[in-house]
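Examining the three-dimensional arrangement
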Amino acid sequence: MSYGSSGNGGGTHLAGELFKTMTGTNLLHVPYKGLNPATIDVMGGNIPLLFNDLTTAIQPYKSGRVKILGVSTAKRVQQIPEVATIGESVPGYESHTWFGVLAPAGTPQPVIDRLSRESMKILQSDDIKKRFAEVGAEPVGGTPQQFAAFMAAETVKWAKVIKASGARVD
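This is a predicted model, so every value here is computed, not measured. (Residues numbered from 1 in each chain as written. Predicted model: local features only at pLDDT ≥ 70, side-chain atom pairs only at ≥ 80, totals over all residues. Heavy atoms only, no water.)

Taken together, Val101, Val111 and Leu115 make up a surface patch of nonpolar side chains, about 240 Å² in accessible area. Here Val111 is to be found in helix H4 (residues 109–123). (Patch = residues over 30% accessible without salt bridge, like charges linked within 9 Å, V, L, I, M, F, W, Y side chains within 5 Å. Areas by Shrake-Rupley, 256 points an atom, 1.4 Å probe, with all protein chains shown as cover. Salt bridge = Lys/Arg side-chain N within 4 Å of Asp/Glu carboxyl O. Helix = DSSP H or I, 4+ residues; strand = E, 2+ residues; numbered from the N terminus.)

Below you can see the structure in the form of structure tokens.
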């Protein structure tokens, strides 16, 4: 069976490769130049499966044009709580897009601390929480040390997936 993604080496490609690695499923990767053309091809029956992001998939799902088989986050998504996580069937599976604020090495600690405080204020605002929820995202936040540890763990996790799959960027 083939699966589509946003392109070679992208997050949706690696989400599919993680699934393959964890389940031993034989899937053929079909890279697209973005999620919109891949989503159109799933709706049209040209490919049977797509690792997608919620911002692209939510409208076709709500209109009945696609079925979401599972979400790749650790917990169910607030906008579609009826859809199980992949991890409920494949324990430990988790793949999600994340963003963070980075500063150059050597940035003075008081500057880092202020950036962290101001970022947390923004993430905790009702407006940002509402806007994130509209697209299926969740603001997390944390300390610079927590973010550094998270990035280090993500690097190890995805390096293993890339090595096992041979994934490459176009």
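Right, let's get into the nonpolar core. Grouped together as the largest cluster of nonpolar side chains are 14 residues, with contacts concentrated most on Phe19, Phe51 and Tyr93. Those elements that place two or more of their residues in this core are helix H1 (11–23) and helix H6 (144–165). For this core, the leading source of residues is H1, giving four residues. Ignoring anything within four residues of it in the chain, the contact list for Tyr93 reads Ala15, Leu18, Phe19, Met22, Phe51, Ser72, Ile86 and Gly87. One finds Ile58, Tyr61, Ile68 and Ile80 within the second-largest nonpolar core, a separate group that totals 10 residues. (Core = buried A, V, L, I, M, F, W, Y, C linked by side-chain atoms within 4.5 Å. Buried < 20%, exposed > 50% of the residue type's maximum accessible area, 1.4 Å probe, protein only. Contact = heavy atoms within 4.5 Å.)

In this section: the pairing of strand S2 (residues 28–31). Where strand S1 (residues 2–5) meets S2, four bridges bridge the pair, whose relative direction is parallel. The residue bridging Ser2 from the neighbouring strand is Leu28, located in S2. Chirality of the crossover, the property in question, places the unit of S1, H1 and S2 among those that are right-handed. (Pairing = 2+ DSSP bridges. Right-handed = clockwise from strand over helix to strand, strands pointing away.)

It is worth spelling out H1 at this point. The first and last C-alpha atoms of H1 sit 18 Å apart over 13 residues, in line with the 18 Å expected at 1.5 Å per residue. Packed against the buried residues of H1 are S1, S2, helix H2 (35–43) and H6. In the segment just after H1, Gly24 is the residue with positive phi, at about 75 degrees. (Expected span 1.5 Å × (residues − 1).)

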